[in-house]
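Below, each chain spelled out in residue letters.
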Amino acid sequence: MQSQKIVDASADRLAFHGVTSATGALLRDNKDYILSILPDALNSFYDHVERFPEAQAFFRDRRHMEHAKQKQIEHWRILLEGTFNGKPSAWTALPISPGRPSLRSYEYS
Ligand code: HEM
């Protein structure tokens, strides 16, 4: 079983990143647009990854990338709610595990 760690979005953390209520409003206002372009943007990202063996090695095949893509869309859907209200979400509580390079950046302590 992989170890997991909860990352809490405290007021200090949000302040450090410069996240304010205006940030939330901006995210919400642009939610539909961002979600509409996200699948194509992620397809381009995974096309790019496939051209670099060291990056591609994190994925078994295109199906595995598709799984990660769907997870990222879910992640963005929650971010774009722009609430940052401390409830568990893709922003406030991400599963951290060593095999997931993209999530290491969320581990601060
Ligand atoms: C801004 C850049 C990135 C973001 C925001 C991001 C975000 C995410 C998210 C939200 C997940 C799903 C976690 C879950 O709930 O299971 C994920 C999974 C994953 N990511 Fe990233 N990622 C990024 C870049 C990358 C890069 C550059 C790589 C490697 C080249 C990578 C490799 C992976 C892998 C291998 C998984 C697990 C896939 C699976 O089996 O579901 N990510 N990423």
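These numbers come from a predicted model, not from an experiment. (Residues numbered from 1 in each chain as written. Predicted model: local features only at pLDDT ≥ 70, side-chain atom pairs only at ≥ 80, totals over all residues.)

A.B. asks: Looking at this model, I keep getting lost on the overall build of the protein chain. Mind explaining?
C.D. replies: Assigned secondary structure in the protein chain consists of 6 helices and 0 strands. In the protein chain, the succession of helices and strands from N to C terminus is α-α-α-α-α-α. When each of the 109 residues of the protein chain is scored for burial, the buried share is 6%. (Helix = DSSP H or I, 4+ residues; strand = E, 2+ residues; numbered from the N terminus. Buried ≥ 20, exposed ≤ 12 C-beta atoms within 10 Å, placed from the backbone.)

A.B. asks: Which parts of the structure should I look at to understand the packing of helix α3 (residues 31-50) against helix α5 (residues 62-79)?
C.D. replies: To characterise two packed helices, one gives the angle between the axes of the helices and the distance between these axes. The contact between α3 and α5 brings their axes to 10 Å, and the two run at 150 degrees. Here α3 and α5 pass one another in a crossing that is right-handed. For the pair α3 and α5, contact is made by I34, L35, L38, P39, L42 and Y46 and by M65, K69, Q72, I73, W76 and R77, respectively. (Axes fitted to C-alpha atoms, helices over the stretch in contact; angles between N-to-C directions. Left-handed = near helix turned anticlockwise from the far one by under 90°. Contact = placed C-beta atoms within 7 Å.)

A.B. asks: Help me out: how do you make sense of the confidence of the model for the protein chain in this one?
C.D. replies: Low pLDDT means the predicted coordinates in that region are not meant to be read closely. Considering every residue of the protein chain, the mean pLDDT works out to 79; 69% of them sit at 70 or more. Per-element averaging of pLDDT across the protein chain places helix α6 (residues 101-104) at the bottom with 45 and α3 at the top with 98. Here residues 92-99 scores under 50 on pLDDT; set against residues more than four positions off or in separate chains, the count is 22 contacts. Predicted confidence for residues 101-109 stays below pLDDT 50, and this span has 12 contacts to residues more than four positions away or in other chains. (pLDDT = per-residue confidence, 0-100.)

A.B. asks: Mind showing me how you'd approach α3 here?
C.D. replies: Think of an α-helix as turning once every 3.6 residues; residues three or four places apart then point the same way. In this model α3 runs 28 Å from its N-terminal to its C-terminal C-alpha over 20 residues, within 8% of the 28 Å that 1.5 Å per residue would give. At L38, α3 shows its largest kink, close to 40 degrees, and the proline P39 lies no more than four residues downstream. (Expected span 1.5 Å × (residues − 1). Bend = angle between axes of the 7 residues up to and from the residue.)

A.B. asks: Explanation requested: the environment of D47 in the structure shown.
C.D. replies: Structurally, D47 is set in helix α3. Assessed through the 11 C-beta atoms surrounding it within 10 Å, D47 is described here as exposed. Each C-alpha atom, one on D47 and one on R62, is 9.4 Å from the other, the two residues being 15 residues apart in sequence.

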